[in-house]
Every structure is written in C-alpha cells, then in structure tokens.
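Structure at a glance
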Amino acid sequence: MNIDKINTETEANKFSKQTEYMEKIKRYLSDFEQDTGRKQTYFVFTTGCQMNAHDSEKIAGMLEEMGFLRSLTEEDADFVIYNTCCIRENAEVKIYGRLGRLKHFKKTNKNMKIALCGCMTQQDVVIEKLRKSYKYVDIVFGTFNLYKLPELLYTNLETNETVFDIWKEEKGIVENIPTILEYPFKASVNISYGCDNFCSYCIVPYVRGRERSRKKEDILNEIKCLAASGIKEIVLLGQNVNSYGKNLNPPVSFAQLLREINELDGIERIRFMTSHPKDLSDELILAMKECSKVCNYLHLPFQAGSNAILEKMNRKYTKEKYLELINKIRSQIPDILLSTDIMVGFPGETEDDFLDTLDVVNTVGFSTAFTFIYSKRTGTPAAVMDNQIDEKTVKDRFNRLVDAVNKKIYEIHSGFVGKTLNILVEDVSKQDENIVSGRSENNCLVHFPGNKDIIGQTVPVKITGNKTFYLIGERI
Ligand code: 5AD
Ligand code: SF4
C-alpha cells in the first residue's frame, strides 16, 4: 500500500513543524549508531539547472542537521536522493536508467532508502510509472514541498511503505531551511520561484508553478548571513529574474533589489540568472552599470533567430529587438560578456529559420552558449505542433550551430591573451593537484598553476593561452 499525502498542508504549517520530525529522526539515527557503531550516510544526485543544485544544498542541509553523514559513493549510502530535471527527455531517461542500477545496490544494502524529487515527479505520467515499475522507491516528493523531507522520511521509517507527496502548487514560500553550501566562498540565493512565461516548448511553468518572489528583506537577510560566513560571490536565482518583485506589496524591481544587495558589506561579486529579453529594462542596465559588485556578465537566452519561430515559441520579442537590446547593453557596459541558450529543431524550423539563428550567433558573439536540441515535452503546446523536424536534419543543424558558437567563443577568448584578470579560485584540477581553476568577473574560466590553499581567494592572473572553453594563465 502507498501512503498518499496529497494536499494536506496548510499555509500555517511551515518549516518549524519539520523540526519536530528532525528531532525524531535524530533519535532514530543515534539509536542506529549505538546498535551498529556507525552513522547512517546519504548521497544526493542532482540533474538540471542551478535551481535544482541549490535545492539539493537544502536537502543536504536538512539531512546533515538530522545526523546523516555525506557518502562519497552511491552504492553503499543508506539514503539516496535523486533530485531530477525534466526539461528534456534525455534527462528523464538518465534517471530511469540510474534508478534501475540502484535496485541492485538496494538488494545488497538492506538499509538503503531511495527518494525521488524535483521537476520530474511533478508529472502525472512519471508518478504512474513509478507506482507501476519502480516500487522499490521509498519516498517521492515534488518541487513545492521539499521542506517536508524530514516528515516524509519519518513516515516511511515508521511504516516502511512508499510515501508519495506531490503538490500541484505551492502554499507559501518556506524560509529558514538549513543549507549546506557546495562552496565556502560562493552561494546561490533564490529570489523568485516558478515561471509565468509559458514558452511553448517549456515544461517549467507546469512543474515549478506560477511565478512568486521572495520578500526583499528575506533575501537581504540571507545574503548578510552568507557574507558574515565568508561568502564573496552570490548568484541570484529565478526562472525570470527580470520580473522579480512585480507582485510583491509594495512592488520592488529587480534593479532596486540589485542596488540594495550592492550595498551589503562582504559581498564582492553579484551574478544572476536567468534573464528574459522581454523584461530586461533600461533601469536594470543602468543598475548593472552603476553597481560595482554586479558582474559584467549577462546570461540572456535568445533560443532562436527567426521571427516566425520566436513567435511560435511565445517568446514575445523579435530577432531585431534582441539585437537592439544587445547593442543597448553594450553601449552602456562595453566590456560585458554575454552568454545564451539556443535551441535547434523547434517544430516547423526551416533552413532559413536556422540561418537566422546562426546570424544572431555570429552578430552577437557569445562567450558561452548552451546549445540544445528541441525535445518534445508532453503537455506543452509545441508537442502537438505540426512539422516536428526529423533527427538527421536536427543533428546537422546542431553540429553547424556548435561549430559557429565555438568559433566565436575562441575569438572572444583570444582577446584576453596577454591581459590580467582577477580570478576567484574555485577548484583544484582533478587531473593535477598543482593546477587550480577559477572565474573572472566576466565569467571566463581560467586554469593556472596553484594549490588548494588559494581556493576562495581572488588573485590576479596573466592570461597566456586560449583553449576555447577556458583560458590558461600564470599568477602574478
Ligand atoms: N527542448 C530543448 N531545450 C529546452 N529548453 C527548455 N525547454 C526545452 C525543450 N523542450 C532549454 C531552453 C532554456 C534552457 C534552460 O533549456 O533553451 O533556456
Ligand atoms: Fe521555460 Fe520560458 Fe519560463 Fe524560461 S522563461 S523557464 S524557457 S517558460
């Protein structure tokens, strides 16, 4: 029997109620440790965007607060959580494949509990499939009730039966969820959740719900705490950050929010994503220009260059408007670097439409671009459009797109050879412990000699070479 707990929560039941369940699980875990002489471990596997990555930091935060230890390997962890993405079909295929493998691990590791959460589980078809073919999954929850993990785990431990808890919408933003940050020097901060744009190919509005903004004070307080704990760089997250605050009372613009964050002590770099071209205001461009901590880097997806396709995508701008916007941004902030998302193979895309996409790539010159093959998502308007494009044509266009994008990336990066960039050091190379990597303010990835002791420091690096997707240099 499955336990369904659909829509049983009320607005008043926020995170404080979960602390009671956390206490109960703490006691359970400490009894386990006394009996076995070891602590229980967890492993979180995340797919998808930075929003999901940040949700996984909250999952880790709750689990560690309850007493779980992070496991470096999945097969021997006591609690395995998959935080999933469904933006393209292959993201889902990957999860089903991995779940199949996990079934074998569970046979040898009898303690193992498996949870599935994130965007994938917000779809009815996925829930049906899990109920039918993946009965060994213990807990299934969605994007709106992540904070209930302690309660759901406790219910499963008590009953040993699969718990499904999927909400169709959020009932108020939940604050104060414990979080374990992936890096001690940079952190993501949610500013808004959900999306109201309904681009015709995109499943996000259906699985992440309507757009809602966090209160400005909650965001500022969180960033002050992060700064006090040594965080230097923050990444503000929202599906469409440019429309932040429209529905707050009183309304706050994203530009106003940026200006206030810029005043906070301790923070050195402010980044944000994602911006929608239709909502990028002059007020925001001015704020980016005037706020010294806001990085000269902008991720501005254009998706497609053809006006006919943009209209069918419901993007609400034209190729000309997008290019005008880029010109305006560059005239105000000349040294800004731009990145984007581009899709090929949208239904009805002709060779001429695709050439418009290549034209935008060549005209703008992006320093980073995320390129995608259109993936049909059931329930979206594009899924039932005529003229879905055949695989061979799509692959050919995709390869040509990637070639054009990479050529431009190489050109842009060549302009940095011989210059000095301030690099916030993030990681040591996996292949060589004497090489570190980090990012410049305008988000260039740079590899250079150094060791783990300088992780988290910002150091000047002279750029000596261009490897297309990253630069190499020497610390000066
Ligand atoms: N197929 C392919 N790519 C998609 N994206 C969103 N939906 C789809 C889809 N159905 C891409 C868009 C978006 C990025 C996050 O993912 O380019 O900006
Ligand atoms: Fe999807 Fe469009 Fe919303 Fe981005 S703006 S999340 S592409 S619907």
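Description of the structure in this document. (Residues numbered from 1 in each chain as written. Chains lettered and ligands numbered in written order. Predicted model: local features only at pLDDT ≥ 70, side-chain atom pairs only at ≥ 80, totals over all residues. Heavy atoms only, no water.)

1. Points about helix H9 (residues 282-290)
Where H9 is concerned, the buried positions are Leu284, Ile285, Ala287 and Met288. For H9, the buried positions fall inside an angular range of 160° around the axis, keeping them on one side. Structurally, H9 contributes buried residues whose contacts are with helix H8 (254-262), strand E12 (269-273), strand E13 (297-299) and helix H11 (319-332). (Buried < 20%, exposed > 50% of the residue type's maximum accessible area, 1.4 Å probe, protein only. Helix = DSSP H or I, 4+ residues; strand = E, 2+ residues; numbered from the N terminus. Arc of directions from axis to C-beta. Contact = heavy atoms within 4.5 Å.)

2. Quick word on the side chain of Lys186
Inspection of the secondary structure assignment puts Lys186 in strand E8 (residues 186-190). Using a relative accessible area of 19% as the deciding quantity, one classes Lys186 as buried. At 3.0 Å, the side chain of Lys186 forms a polar contact with the side chain of Glu426. Non-local contacts of Lys186, meaning those with residues more than four positions away in its chain, are made with Ile231, Glu233 and Glu426. (Polar contact = N/O pair within 3.5 Å; in protein donor to acceptor, adjacent residues only side chain to side chain.)

3. Observations concerning the environment of Thr420
The residue Thr420 is located in strand E16 (residues 420-428) in this model. Thr420 gets classed as partly exposed once you look at its relative accessible area, which sits at 41%. With 40 residues separating them in the primary sequence, Thr420 and Pro460 have C-alpha atoms 6.3 Å apart. Residues contacting Thr420, with those up to four places away along its chain left out, are Pro460, Val461, Lys462 and Ile476.

4. So, the pairing of strand E14 (residues 337-344)
Across the eight residues of E14, eight count as buried, placing the element largely inside the fold. Note that E13 and E14 share three bridges and pair parallel. Each bridged residue has a counterpart across the sheet, and for Leu298 the counterpart in E14 is Leu338. In the sheet, E14 pairs with strand E15 (residues 368-373) via six bridges, with the strands oriented parallel. Along E15, the bridge assignment pairs Ile342 with Thr371. Once the chain exits E14 it traverses helix H12 (residues 351-364) before rejoining the sheet at E15, and the crossover so formed is right-handed. (Pairing = 2+ DSSP bridges. Right-handed = clockwise from strand over helix to strand, strands pointing away.)

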